[in-house]
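# Understanding the architecture of this molecule
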2 protein chains.
Amino acid sequence: MTNLMDMGMRARAAGRQLALTPTGRKNAALEAIAAMLLDATSCAEVLDANAADVAAGRDAGLSPALIDRMTLTPQRLAAIAADTRMVARLPDPVGERFDAAVLENGLRVHKRRVPFGVVGVIYEARPNVTIDVATLCLKSGNAAILRGGKEITRSCAALTRLIQGAMAQAGLPADAVQVIDDPDRALVEQLLRLDRYVDLIIPRGGAGLHQFCREKATIPVITGGIGVCHVYVDQTADLTMVVPIVHNAKVQRPAVCNALDTLLVHRAVAAETLPAVARDLLASGVELRVDEETLAILRAAGIASDAIVPATPDDFGVEFMALILSVRVVAGLDEALEHIARYGDHSDAIITRDAATAEAFVQAVDSSAVFVNASTRFNDGAQLGLGAEIAVSTQKLHVRGPMALRELTTYKWVVEGDGHVRP
Amino acid sequence: MTNLMDMGMRARAAGRQLALTPTGRKNAALEAIAAMLLDATSCAEVLDANAADVAAGRDAGLSPALIDRMTLTPQRLAAIAADTRMVARLPDPVGERFDAAVLENGLRVHKRRVPFGVVGVIYEARPNVTIDVATLCLKSGNAAILRGGKEITRSCAALTRLIQGAMAQAGLPADAVQVIDDPDRALVEQLLRLDRYVDLIIPRGGAGLHQFCREKATIPVITGGIGVCHVYVDQTADLTMVVPIVHNAKVQRPAVCNALDTLLVHRAVAAETLPAVARDLLASGVELRVDEETLAILRAAGIASDAIVPATPDDFGVEFMALILSVRVVAGLDEALEHIARYGDHSDAIITRDAATAEAFVQAVDSSAVFVNASTRFNDGAQLGLGAEIAVSTQKLHVRGPMALRELTTYKWVVEGDGHVRP
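Rules behind the numbers
- Residues numbered from 1 in each chain as written.
- Chains lettered and ligands numbered in written order.
- Predicted model: local features only at pLDDT ≥ 70, side-chain atom pairs only at ≥ 80, totals over all residues.
- Helix = DSSP H or I, 4+ residues; strand = E, 2+ residues; numbered from the N terminus.
- Expected span 1.5 Å × (residues − 1).
- Buried ≥ 20, exposed ≤ 12 C-beta atoms within 10 Å, placed from the backbone.
- Contact = placed C-beta atoms within 7 Å.
- Pairing = 2+ DSSP bridges.
- Axes fitted to C-alpha atoms, helices over the stretch in contact; angles between N-to-C directions.
- Nonpolar A, V, L, I, M, F, W, Y, C, P; charged D, E, K, R; others polar.
- Domains from an automatic or database assignment.
- Least-squares fit on C-alpha atoms with pLDDT ≥ 70 in both.

Residue and element names in this part refer to chain A. Taking 1.5 Å per residue, 20 residues should reach 28 Å; helix H3 (residues 40–59) reaches 27 Å between its end C-alpha atoms and fits that length. Those residues of H3 that fall on the buried side of the exposure criterion are Cys43, Val46, Ala49, Asn50, Asp53 and Val54. Check the buried side of H3 and you find it contacts helix H2 (23–37), helix H4 (64–70), helix H5 (74–89) and helix H7 (153–169).

This is how it looks when you write it as structure tokens:
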């Protein structure tokens with residue numbers, strides 16, 4: 001029987017040990033994980049367990065897309081091994097000193113970056129997340145308690161055993177990575193209330209999971225990975241940028257959180273811009289849900305398609321996660337800002353040649369990332385130069401946008417005196 | 001009737017305006033608040049409301065200490081005005097740019113410090129907190145929704161009207177500071193679930209309030225202001241530091257969160273140290289709850305007092321908030337670290353002359369602030385050079401230790417390109 005109190009206590013102790021472990025030893029454990037993922041013998045158990053999950057998933061009638069996401073192969077494990085080695089090469093944030101100062105009374109103070117301690121991660125039916133999360137937690141000195149989707153319980157357990165073997169081989173505490181391998185959903189609620197031992201909860205999944213965590217947790221939760229993204233084409237835009245940026249933001253990977261949902265176009269350039277955008281997106285199979293003004297412009301340009309439909313109010317402020325784009329003509333910057341203030345918080349872009357307009361947009365838009373003349377798809381840890389990411393936060397506490405190694409740490413104050421007492 | 005959705009919506013709109021307000025205008029509003037607090041006419045309503053709260057409190061049989069904390073006088077208002085002017089003089093964190101970089105692909109990225117938006121603050125029967133909190137939120141560009149203890153509802157409402165008058169005078173939106181002036185406790189629960197409009201909850205009060213917020217909130221909560229603090233006297237200590245540091249940490253202000261709770265002394269210096277410590281503290285009226293070894297040492301030194309009592313296990317890991325100290329002799333650094341790992345998370349100090357021992361202590365102790373040869377009383381925003389503080393956090397997300405102006409902000413990513421799309 002899964003005893004979460006016991007798991008938490010062991011994770012806390014392992015985390016304390018991991019916090020004091022030098023970078024080289026952590027990297028050795030990461031290398032050991034990668035080597036095992038590339039070794040047919042040590043992967044056999046993982047592949048067997050995964051085959052059992054996949055077979056059970058097929059019997060349960062899971063969709064082919066879900067079955068594909070669940071499936072591990074030697075090739076996929078090799079790709080995960082490469083990611084693990086990449087994490088080993090990233091700089092270790094732990095121990096960094098910052099905000100150092102000598103106060104007037106002679107006290108020497110600084111802040112020192114330290115791991116959180118124990119991180120709980122709840123995710124869906126993607127076994128690769130087990131390794132992603134474990135390696136990022138390990139590198140940042142955090143113990144992890146993992147809980148994957150019930151469809152992949154066997155895969156998660158086998159992958160965790162592989163990780164634990166590699167940890168032990170590198171002389172690190174195996175309890176630093178533990179998995180809840182019982183599909184009982186009540187255990188998720190217990191994990192969310194394990195505030196005595198767990199410092200932080202990171203949900204990775206859809207809106208329902210995030211809402212559930214927010215409702216039930218007594219532990220701080222990083223919510224994110226969800227958001228309505230906008231591109232606003234200003235009257236001052238370099239129109240040659242519009243089609244490439246909109247295409248990239250909408251078409252490249254429509255099912256991710258930084259994909260474009262709504263295009264806003266300044267009235268002054270709408271007739272000139274929208275036909276080219278529509279032709280490009282229609283050719284890529286995008287459904288356009290357009291306001292009346294856009295509809296008239298497209299009709300006047302002789303563009304007709306079943307994939308052009310009149311937008312309803314429900315088509316704005318919605319994350320499509322699919323090849324669908326809502327389009328609206330606006331009177332200018334202010335109307336665009338009002339629209340984005342109402343619906344945006346993730347990734348929003350302006351296309352403009354005017355520096356003052358760009359700055360006004362950047363200042364006013366309150367989203368995790370604001371883009372000028374660039375695709376919203378860059379809101380990603382690797383793309384922004386952080387290496388891997390464990391989540392993309394749309395909440396405001398601690399981290400906004402990509403959550404990478406540094407954001408998996410906290411700090412403590414260090415104050416050194418010579419017998420100082422407070423006056 | 002109090003409509004929290006409506007308050008939240010108005011706070012959100014006011015917060016958006018405040019986020020774009022230049023520093024000078026915010027400082028002018030702070031000066032206007034200070035001027036009103038110093039003006040007998042504009043304070044009359046506040047003093048009348050407070051007198052009504054105090055009279056009702058006396059009728060309800062509140063303790064003299066609580067009545068004193070509730071009471072406002074022209075002198076106290078003048079002190080609050082001075083604090084308000086101090087906040088006006090602090091640097092404005094909003095707009096600061098950091099982590100700037102030009103990526104390989106030419107994208108120019110930086111992070112920009114921005115207000116959270118709307119902060120909810122729940123506090124107890126201290127009307128001065130109304131001004132403290134409102135001024136710190138105002139300076140950091142955040143709208144605030146305040147909820148003071150039910151004993152001071154009239155005082156909070158009157159102080160909020162004074163603030164709103166000053167805001168309007170400075171051309172700022174009065175909705176940026178609102179108070180819930182209905183004592184119905186259900187409204188606190190509603191505030192804790194107003195995640196659509198409120199970005200952050202800061203409770204200021206005892207353990208019960210913090211626990212309540214953690215349980216009920218769907219909004220991130222900063223918990224803190226509570227903690228068991230330790231001083232460990234190592235065998236390498238400069239013993240002349242021990243009495244002054246322990247005295248300061250325990251006696252100066254025993255009812256605050258950074259006051260000392262437990263003294264740990266290395267066995268090798270226990271006989272030499274503990275009698276002097278005990279004599280000093282007993283002379284200041286401190287009750288000593290001591291382990292057997294300490295008891296024997298004090299007896300051997302001829303120190304007898306009714307205020308020396310044998311410690312029970314419950315005397316360790318407890319925040320006394322009073323002139324009580326638990327004392328334990330330990331075998332060395334490891335035993336001290338184990339004790340602190342079990343009970344500490346707020347402020348812990350070592351007294352030592354050995355740099356390696358100090359560093360080992362600093363590394364291993366996982367508390368918001370770790371002190372070497374200094375009193376735990378320095379874990380305070382003003383003492384650590386941050387100016388005023390709105391809370392002292394013992395959680396790990398976003399802020400640890402003093403939460404001052406900078407910690408009342410978040411950031412957004414700003415990414416500038418020339419038509420960049422993700423490859």
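Okay, back to it.
Residues and elements named next belong to chain A. In spatial order, the strands read S5-S4-S3-S6; together these 4 strands make up an open sheet with parallel pairing. The sheet is open, and its two edges are formed by strand S5 (177–179) and strand S6 (200–204), each paired on a single side. Looking at each pair of strands side by side, their axes are set apart by 20 degrees on average, direction ignored. Of the pairings in the sheet, the one linking strand S3 (residues 118–123) to strand S4 (residues 143–147) comprises 5 bridges and is parallel in character. Bridge pairing in S4 places Val119 opposite Ala144.

Another aspect to go through is the interface of chain B and chain A. Listed by partner, the interface residues are 60 residues for chain B and 60 residues for chain A. Only strand S2 (108–115), helix H9 (207–216), helix H10 (242–251), helix H14 (355–364), strand S13 (369–374) and strand S16 (409–420) of chain B provide two or more residues apiece to the side of chain B that touches chain A. Top contributing element to the side of chain B that touches chain A by residue count: S16 of chain B, with 11 residues. Among the residues forming the side of chain B that touches chain A, the class breakdown is 28 nonpolar, 18 polar and 14 charged. With 5 bridges connecting them, strand S13 (residues 369–374) of chain A and S16 of chain B associate as parallel partners. Across the sheet, the residue bridging to Ala369 of chain A is Trp413 of chain B, located in S16 of chain B.

This part is about the domain arrangement of chain A. Residue and element names in this part refer to chain A. Structurally, chain A comprises domain 1 (4–223 + 400–415) and domain 2 (228–383). On a C-alpha basis, the centroid separation for the pair domain 1 and domain 2 is 36 Å. Here the residues of the side of domain 1 that touches domain 2 are counted per class, giving 2 nonpolar, 1 polar and 1 charged.

Attention now goes to the sheet that holds strand S4 (residues 143–147) of chain B. All names here are of chain B. On the basis of which strands lie adjacent, the open sheet formed by 4 strands has the order S5-S4-S3-S6 and parallel pairing. Strand pairing shows two members of the sheet lacking a second neighbour, strand S5 (177–179) and strand S6 (200–204), which therefore form its edges. Averaged over all adjacent pairs, the angle separating strand axes in this sheet is 20 degrees, with direction ignored. Packed on one face of the sheet, helix H1 (residues 4–19) meets strand S3 (118–123), S4 and S5 and runs near 140 degrees to S4. The sheet contacts of helix H7 (residues 153–169) involve S4 and S5, and relative to S5 the element is tilted by about 160 degrees.

With 16 residues, H1 of chain B should reach 22 Å at 1.5 Å per residue; the first-to-last C-alpha distance of 22 Å fits that figure. Looking at the buried side of H1 of chain B, the elements it contacts are S2, S3, S4, S5 and helix H8 (186–192) of chain B.

What follows covers the relation of the copies chain B and chain A. Superposition of chain B onto chain A requires a rotation of 180 degrees combined with a translation of 0.0 Å along the rotation axis, giving an RMSD of 0.0 Å. Here the transformation between the copies is reduced to the relation of a two-fold axis. The position closest to the rotation axis in chain B is occupied by the C-alpha of His398 of chain B, lying 1.9 Å away. Comparing interface residues between copies, 100% of those in chain B also lie at the interface in chain A; the contact surface is shared.

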